[in-house]
Amino acid sequence: MNNFNYRLNRFLDEELSIKWVIIGIFLYIYGFRMRSNLFILSNSESKLFNNWDLIVNFFSDLNLQIYFISPILLFLSLKIIHLELGFPLLIRLGSYKNWIIHSVIQFIKKLFIITCIMVIIISLLLIGVPLEFKWSLFSTINEGLPNNLPSNVISKYIRLPGVFLFFQLTLFFLFFIVVHLFLVILYVYTKSRLYPTICAIMTWVLFIVSFKLFPASHPTIILPSYFNLIQGIKGFGNTWTPFFIVILGLFLLSFLTSKIDKKFKRKSFTFNSKYALYCILVLLSLLPILRQTNIRTIQEIYILAFYGTSQIGFNFLAFMSYLIIFYGYVLLTLLSLNKELDNLSYYKVLRYGNLIKWIWNSFVPILKSNFFLLLYLFSFVLLISFLCGVTLNDTFSSNKSSSLLIFYHFFINGYLQILFYILFAFLIGWYTKNMFYGFFSIITLSIFMLPGLNLLKFIPSGLNSMGYLLDGGSPYITTFILLLYLIVLIGLIYLLLNKKDYDI
Amino acid sequence: MRVFNSDFGVIIENLKWELEQVILHQIKKELLRTMNWKQIIIWVILIIPLPIIKFLMVDDGYIYNRQIEVFLRVNSDFVPLLFPLLIIAAYTPRFIGEQKNNFLLYVNSRISLKDYFYVKLIVNIIISFFIAFFCVFIPFLFIMYIEPNLNIVTISPIKGNIIPITTFEQFLTFGTFIYGLIYSSWVGINGVLYATFALLLLMISEKPLVSLTTPFIYYIFGNFLTQLLNYDKFSPGSTIFPFSISIQPLWTVLVPFCVLLMIVLILFYILKRQVGASYE
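Basis of the calculations
- Residues numbered from 1 in each chain as written.
- Chains lettered and ligands numbered in written order.
- Predicted model: local features only at pLDDT ≥ 70, side-chain atom pairs only at ≥ 80, totals over all residues.
- Heavy atoms only, no water.
- Helix = DSSP H or I, 4+ residues; strand = E, 2+ residues; numbered from the N terminus.
- Buried < 20%, exposed > 50% of the residue type's maximum accessible area, 1.4 Å probe, protein only.
- Contact = heavy atoms within 4.5 Å.
- Areas by Shrake-Rupley, 256 points an atom, 1.4 Å probe, with all protein chains shown as cover.
- Polar contact = N/O pair within 3.5 Å; in protein donor to acceptor, adjacent residues only side chain to side chain.
- Buried area = accessible area lost by both parts, 1.4 Å probe.
- Salt bridge = Lys/Arg side-chain N within 4 Å of Asp/Glu carboxyl O.
- Core = buried A, V, L, I, M, F, W, Y, C linked by side-chain atoms within 4.5 Å.
- Phe/Tyr/Trp six-rings, centres within 6.5 Å; stacked < 30°, edge-to-face > 60°.
- Lys NZ or Arg CZ within 6 Å of the ring centre and 35° of its normal.
- pLDDT = per-residue confidence, 0-100.
- Axes fitted to C-alpha atoms, helices over the stretch in contact; angles between N-to-C directions.
- Left-handed = near helix turned anticlockwise from the far one by under 90°.
- Nonpolar A, V, L, I, M, F, W, Y, C, P; charged D, E, K, R; others polar.
- Parallel < 35°, antiparallel > 145°, perpendicular 65-115°, else oblique.
- Patch = residues over 30% accessible without salt bridge, like charges linked within 9 Å, V, L, I, M, F, W, Y side chains within 5 Å.

## Focus: the overall build of chain B
Within chain B, the secondary structure is distributed over 11 helices and 0 strands. Ordered by position in the sequence, the α and β elements of chain B form the string α-α-α-α-α-α-α-α-α-α-α. A total of 280 residues make up chain B; the buried ones form 48% of that total. Taking as baseline every contact in chain B between residues at least 6 positions apart, the subset at least 24 positions apart corresponds to 77%. Per element, the accessible surface of chain B, about 14,100 Å² overall, is 67% carbon and sulfur.

Now the structure itself:
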C-alpha cells in the first residue's frame, strides 16, 4: 500500500505539469467550437443531437488527431526514447527487450493521460447536451450536411455508439503503440537519436500528405485510416481491416523485440549476403504479379504468384519463378547442411552417439525454417495484394472453400514438397559424399515439371505448384503421394545412416 | 643456369621446354587419368538420355516441315534447362576431392601449383567443350542422317521459300553439316565458359557447393530476368538454344557471351593473383 501511495504521488508529481493544462485548454476551445457548430447544424436541420454526437465527433475528429494529438504523441514518444532511456536503466532492466517493454509502458501511460484529459474536457462540454444511450435523430441524416460528420457516417455501421467509442480508442491506442515500438526498435538498432527523430517527423508528414494528397481509392496507403476508424471504414468498407493490419504490425514488431537480444548477444550484425541475394531474387520473381492489372481476388494473386507449372497451361516465367523461390531456398538449406557435413568428424559422431541423432539435430532448424519460409511468403504476398488494392473483403464474397483449398495446398503440400527436395538431395549427397550431386539430382527432377512428362503427377517435383489445382487435381492426393515418398526417403536415409561402420 | 642468360631466344626456348616438358606432359597425364570407365559412363549418362526422352516425346503429334525442325524441337526444354549443370558435372567435381583431402599440398612439391591449375583449367576446357559439343552434335547426326532412313518422324514439306525460324539458321546456306558443326561448336564454347566459371570459382573460394551452383544460378536468373524485361534475345539460355524465340541477328548472341567471358576473365585474374598467396 505504501508502495502504491509512493507511486501515485510520484506519478502525480511527474505528470501533473502545466503542459497538460495547456493541452486541455486548447482541446476545450476546439471542442467548444465543435459543440456550437453542432448546435447550429441541428437547429438548421431541426433534429435534436445528443451526447454521442459530440463524443464521437470529438474522439474521431481527423483534423484534431492529425494536427494536434499525433504531433504531441510523437513528441512524447521521442522524449521517452531520448530522455528516459539511459544506460543505467538498461543495466537495471537487464536486457534490450525489457527496456523496450518499459518504454512502451511509459508511452501507454502518456496515452492514457491524454485520453483522460479528453474525457474530462468532453464531460465539461457535455453540460447542457441531452443524454441518451442510442444514436440521436441528428446522426441519422445522410445528406445535406456541409461536411461528413463522423457520427453520421458511423451510425450506419455500428448500432451501439459505446461500441464504436471503444473500437476507436483501441485502434488509436494500438496504432500509436505500433509507432512508438517502431521508433524504439529503430533507436536500439541504430543507437542514434537522429534516425528516430527523422522517422517521427516523416511519419507526421506522411499523415498529412497521405490524408491530403493520396487518392482515396487506395485506402491501404492512407495512414490515417489506421488510427481513425471513420476513415478506415470509409476506405476499406469494413471495420476490421484496419484492426487486422495494425495488429499484424504489432505482432511483427513484438516478434522483432523478442529477437532483439539474441542479435546483440551474438554480436553478428553481419549482413548475410546469401540470404540477402535470395530475398532480392524472390522479390524479383514475385514482381510479375504486380504487373497484372485485372486481379480481382486474393486467391488469384496466390495462384499467379506460386503458379509453378501445370500440365495444361505451362508458363515459362512462372516456372522460372518457382525454380527461384523453392529451389533457391532448398539450395540455401543445402549450403547449411553441407557445412554440417563438412564439419562432421568421428568425435562429433561420438558426441551424438549415432548418426541418426546427429542428422535429426541438424534437421530440426531446417524443419522450422521451412515453415517460416512459407509463412513469410504467404504474408508477403498478402501484403503485396493489399498494396495492389485488393481488399480482404473480396475473399469472402467469392468461393470460401477454394480459398481454404489454396491455403491447404500452399502450406501442407508446400511444406512436404520442400522437405522432399531437401531429404532427397541429402540422400544423394550423403551417398556420393558430394552435395553437388544432391542438388544436381533435384534439379534433374525439375524437368518433370515441363509439360508432357508428369501426366499422372506421381513424380514428386513441383507438386506444390498452384497450377495443378487449376488442372482439377485434388491436393489431398498430392499430400498422400508426397507422404508416401517421404516415408520411403526417411526409411532409406535410416538404412544408410544406421550402418555399423562408415567412413566420413 | 639458363635463367641468367638474358638472350631472348634462350628465354623463348626455355618457355618452350617448360611447355613441352611440363604442361603438355601433365595435360596428357591428366586426360588419361580422367578417362576411366566410370567417368566415361557418367559422360554418356549426361549426353544421351535427355535427347532420347525428348525425341520419344515429340516424334509424333507435331507437324514438321523440315528435318531440321525435329532437331530443334529435340534440343528444346530439357537440355537448355540443365545445360550449365550438365557441363559442370562432367569434370569439375573431380577437383573437389583434390582440394578437400590436402592433395594439393603434396602436388606442390612436384609441380608448380600455378602450372597445375592451368593444366586443370585446360583439361576442363577440353572435356567440357566436347561434352557440350556432343550434347548437341550426336542428336544432330542422328536426326539429320540416321533418322531419315528409319522413317520414325513424318516430314510434310511445304513448297516455296523456306522461312528460317531460329537464330543460327543463317549458317544453313553453307550446308547442313557445316551448320551442325558451327552450332555445336557454339554450344561447346558456351559450355566451356560455364565449366570454367565453376572451376575458377572453386579454385578461388574452395567452397564446392557454392561455386558449382553459381553458374547455374546465373544462367537461370539471367533467363528469368531477360524474359521479365522482354529482352529475350539477350537471355543466356535462348542465345545457346534459340528454339523458344524467333530469329534474331547473329550479333545478339554475343551479348550474354561477352558478359560471361568478362566474368571468367575477371575470375581468372583473381585466381592468378591469389594462387601464389593462398596455396604456396
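## Thoughts on the side chain of B:Glu98
Residue and element names in this part refer to chain B. By the secondary structure assignment, Glu-98 is in helix H6 (residues 93–100). Among the polar contacts made by the side chain of Glu-98, one reaches the side chain of Lys-120 at a distance of 2.7 Å. Not counting residues up to four positions away in its chain, the partners in contact with Glu-98 are Arg-33, Phe-103, Leu-104, Tyr-116 and Lys-120.

## Some points on helix H4 (residues 67–74) of chain B
All names here are of chain B. Judged by how many residues are buried, H4 sits mostly within the fold: 7 of 8 residues are covered. Every buried residue belonging to H4 is among Gln-67, Ile-68, Glu-69, Val-70, Phe-71, Leu-72 and Val-74, and all of these are buried. Buried residues along H4 sit against helix H3 (49–58), helix H8 (113–150) and helix H9 (176–205).

## Some points on the interface of chain A and chain B
With 33 residues of chain A at the interface, the matching set in chain B holds 28 residues. A buried area of about 2,700 Å², summed over both sides, lies between chain A and chain B, and 84% of it is on carbon and sulfur atoms. Contact with chain B buries surface across chain A, with A:Phe436, A:Phe440 and A:Ile447 losing the most and accounting together for 21% of the total. Taken together, the connections running from chain A to chain B amount to 0 salt bridges. Linking chain A to chain B there are 0 residue pairs in polar contact (both at pLDDT 80 or more).

## What about the nonpolar core?
Ranked by size, the top nonpolar core spans 161 residues in total, and within it A:Phe306, A:Phe426 and B:Phe71 carry the most contacts. The element that contributes the greatest number of residues to this core is helix H14 (residues 316–342) of chain A, accounting for 18 residues. When near neighbours in sequence (up to four residues on either side) are disregarded, A:Phe426 contacts A:Leu337, A:Leu341, A:Ile359, A:Phe363, A:Met435, A:Ile493 and A:Leu497. Core analysis: the next-biggest nonpolar cluster, separate from the first, contains 81 residues, A:Val56, A:Ile72, A:Ile81 and A:Val184 among them.

## A look at the packing of aromatic side chains
Tallied over the full model, the rule gives 68 aromatic pairs over all chains. Between A:Phe167 and A:Phe243, the ring centres sit 5.5 Å apart and the planes meet at 65°, which makes this aromatic pair edge-to-face. With A:Phe167 in helix H8 (residues 161–190) and A:Phe243 in helix H11 (residues 240–266), this residue pair connects regions lying 76 residues apart in the sequence. Residue classification places A:Phe167 among the partly exposed residues on the basis of a relative accessible area of 29%. Geometry around A:Trp430 places A:Lys433 over its ring, the cationic atom sitting 4.9 Å from the centre. The ring of B:Phe78 carries the charged tip of B:Lys54 above its face, separated from the ring centre by 5.3 Å.

## Some points on helix H13 (residues 298–305) of chain A
Of all 8 residues in H13(A), 6 are buried; the element is thus mostly enclosed. Taken residue by residue, H13(A) has A:Ile298, A:Gln299, A:Ile301, A:Tyr302, A:Ile303 and A:Ala305 as its buried positions.

## Quick word on the confidence of the model for chain A
Mean pLDDT over chain A works out to 81, with 89% of the residues at or above the 70 mark. Across chain A, the element-wise mean pLDDT spans from 50 in helix H17 (residues 393–397) of chain A up to 90 in helix H21 (residues 475–497) of chain A.

## Observations concerning the packing of helix H19 (residues 435–445) of chain A against helix H5 (residues 78–91) of chain B
For the pair H19(A) and H5(B), the least separation of the axes is 11 Å and the interaxial angle reads 145°. Regarding H19(A) and H5(B), the two cross each other, and that crossing is left-handed. On the side of H19(A), the interface is formed by A:Phe436, A:Tyr437, A:Phe439, A:Phe440, A:Ile443 and A:Thr444, while H5(B) contributes B:Leu82, B:Leu85, B:Leu86, B:Ile88 and B:Ala89. When grouped by side-chain class, the residues that make up the contact of H19(A) with H5(B) number 10 nonpolar, 1 polar and no charged.

## A few points about the environment of B:Arg94
As for its placement among the helices and strands, B:Arg94 is situated in helix H6. Other than its neighbours up to four places away in sequence, B:Arg94 contacts B:Arg33, B:Thr34, B:Asn36 and B:Gln39.

## A short note on the environment of B:Pro93
Within the secondary structure, B:Pro93 is located in helix H6. For B:Pro93, a relative accessible area of 8% translates into the label buried. Counting along the chain gives 119 residues from B:Pro93 to B:Leu212, while the straight-line C-alpha distance between them is 8.0 Å. If we ignore the near neighbours within four places in the chain, the residues touching B:Pro93 are A:Asn434, A:Phe436, A:Tyr437, B:Ile88 and B:Leu212.

## Some details on unusual backbone geometry
All names here are of chain B. If you check the backbone angles, Glu-206 has positive phi at about 60° while not being a glycine. Residue placement: Glu-206 occurs in the loop between H9 and helix H10 (208–228). For Glu-206, a relative accessible area of 43% puts it in the partly exposed group. Although it is not a glycine, Asn-230 sits at a positive phi angle of roughly 60°. Within the secondary structure, Asn-230 is located in the loop between H10 and helix H11 (254–279). On the accessibility criterion, Asn-230 (62% relative accessible area) is exposed.

## Section: the side chain of A:Thr309
All names here are of chain A. Assignment of secondary structure puts Thr-309 in the loop between H13 and H14. Here the side chain of Thr-309 touches Met-449 through a polar contact of 2.8 Å, landing on its backbone oxygen. Discounting chain neighbours no more than four positions away, the residues touching Thr-309 are Phe-314, Met-449, Gly-462, Ser-465, Gly-467 and Tyr-468.

## Here's the deal with the packing of helix H2 (residues 18–45) of chain A against helix H3 (residues 51–59) of chain A
Residues and elements named next belong to chain A. Where H2 contacts H3, the axes come no closer than 11 Å and their chain directions differ by 135°. For the element pair H2 / H3, the angle class is oblique. For the pair H2 and H3, the sense of crossing is right-handed. Here Leu-27, Gly-31, Met-34, Arg-35 and Leu-38 of H2 lie close against H3, whose contacting residues are Asp-53, Leu-54, Asn-57 and Phe-58. Considered class by class, the residues forming the contact of H2 with H3 number 5 nonpolar, 2 polar and 2 charged.

## Re a nonpolar patch on the surface
Residue and element names in this part refer to chain B. Nonpolar side chains collect at one region of the surface, where Leu-141, Tyr-145, Ile-146, Leu-150, Ile-152, Phe-174, Phe-177, Ile-178, Leu-181 and Ile-182 lie side by side and expose about 850 Å² of accessible area between them. Contributing elements (two or more residues each) for the nonpolar patch: H8 and H9. Following the sequence through the fold, Phe-177 ends up in helix H9.

## Details of the pattern of salt bridges
All names here are of chain B. For the structure on display, the rule yields 5 salt bridges over all chains. One salt bridge in this structure joins Glu-30 and Arg-33, with 2.6 Å as the shortest N-O distance. With Glu-30 and Arg-33 both in helix H1 (residues 8–34), this residue pair falls 3 residues apart, about one helical turn. A relative accessible area of 1% places Glu-30 in the buried class. The partner of Lys-120 in a salt bridge is Glu-98, and the shortest N-O contact between them spans 2.7 Å. Placement of the pair is Lys-120 in helix H8 and Glu-98 in helix H6, with a sequence separation of 22 residues.

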